[in-house]
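Okay, here's what each chain looks like letter by letter:
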Amino acid sequence: MKLLMDRILSEGRALSDSVLKVDGFLNHQVDADLMQEVGKDFYEYFKDYGITRVLTIESSGIAPAVYTAQALKVPMVILKKQTSKILNGDVYQTNIKSFTKGTSYELTLSSNYINKEDRVLIIDDFLANGEAATGAARLVEMAGATIAGIGILIEKSFQNGRTKLENAGYHVYSQARIARLGEGIIEFVEEDK
Ligand code: 5GP
């Protein structure tokens, strides 16, 4: 998606050869107009997949996921990183290793907001080693629902997330695929340029 790639080039900053910082429009400050365009692009890609719910992981997935859900005219559900007392009752939970923090966290989904008939689109901001998306997919499968697809804004194609997800049988669409990061270097996958 050219709009997102241009924005990554103009405002993104490679913190190392593996971490990209995009706090100005996605992870800290959010550009709502850009997120709406991101949502429309996911809609165009996934509109014929029979999606009934969009799931995302708090907090950076929420903005793009809500516009995607709006375009698809389906509900958006947030997978919670903290178990709250209000969330007791029937919940699905799984453990995820955080790529950026190097720690683990519990991801929680209430059974009220998913059912066996659902065809789910998982949206997340980044794809690195695929831990977050795989964990989200595990929750969907625990609920007996189907994963219709996984939509990612920024895929770091030099890490193994896509391979892991595709080997598990999931269909992945990434709007921007990064081939290489380095000091002052952000390179996209050749065929996307
Ligand atoms: P994975 O689970 O695929 O290893 O990592 C994906 C998650 O880690 C995303 O939800 C995102 O929050 C975070 N993440 C991974 N790589 C980056 C990165 O380069 N920059 C930022 N800002 N977040 C990242």
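Residues numbered from 1 in each chain as written. Predicted model: local features only at pLDDT ≥ 70, side-chain atom pairs only at ≥ 80, totals over all residues. Heavy atoms only, no water.

Novice: What's the story with the side chain of Thr56 in this structure? I'm lost.
Specialist: Its location among the elements puts Thr56 in strand 3 (residues 53–57). In terms of polar contacts, Thr56 uses its side chain to reach the backbone carbonyl oxygen of Ile123, at 2.7 Å. Beyond its immediate sequence surroundings of up to four residues, Thr56 is in contact with Gly61, Ile62, Ala65, Met76, Val77, Ile78, Leu79, Ile123 and Asp124. (Helix = DSSP H or I, 4+ residues; strand = E, 2+ residues; numbered from the N terminus. Polar contact = N/O pair within 3.5 Å; in protein donor to acceptor, adjacent residues only side chain to side chain. Contact = heavy atoms within 4.5 Å.)

Novice: Looking at this structure, how should I read the site of the ligand?
Specialist: By nearness alone, 16 residues border the ligand, and Leu20, Asn129, Gly130, Ala132 and Lys156 come closest of all. In this structure, Leu20 approaches the ligand through a main-chain N or O atom, which is 2.7 Å from a nitrogen atom. Here Asn27 contributes a side-chain N or O atom positioned 3.0 Å from a nitrogen atom of the ligand. Isolated, the ligand exposes 500 Å² of accessible area, and the fraction of that covered by the protein chains is 88%. More than half of the atoms belonging to the ligand lie within 2 Å of the grid points that define the largest pocket. Looking at the shell around the ligand element by element, the count peaks at four residues for strand 7 (residues 119–127). Counted by class, the shell around the ligand contains seven nonpolar, five polar and four charged residues. (Near = heavy atom within 4 Å. Areas by Shrake-Rupley, 256 points an atom, 1.4 Å probe, with all protein chains shown as cover. 1 Å grid on protein atoms, 1.4 Å probe; cavity = no way out; pocket = protein on both sides within 12 Å on 5 of 7 lines; lining within 4 Å. Sits in = over half its atoms within 2 Å of the grid points. Nonpolar A, V, L, I, M, F, W, Y, C, P; charged D, E, K, R; others polar.)

Novice: In this structure, what is going on with the packing of aromatic side chains? I would like to understand it.
Specialist: Remark: the centre distance and the inter-plane angle together describe each pair of aromatic rings, the angle taken between the planes. Counting across every chain of the model gives seven aromatic pairs. A ring pair is formed by Tyr45 and Phe46, whose centres lie 4.8 Å apart and whose planes are at 70°; its orientation type is edge-to-face. Ring centres 5.1 Å apart and planes at 75° place the aromatic pair Phe46 and Tyr49 in the edge-to-face group. For Phe46, a relative accessible area of 0% corresponds to the buried category. One Lys or Arg, Lys81, reaches over the ring of Tyr105 and ends 5.1 Å from the middle of that ring. (Phe/Tyr/Trp six-rings, centres within 6.5 Å; stacked < 30°, edge-to-face > 60°. Buried < 20%, exposed > 50% of the residue type's maximum accessible area, 1.4 Å probe, protein only. Lys NZ or Arg CZ within 6 Å of the ring centre and 35° of its normal.)

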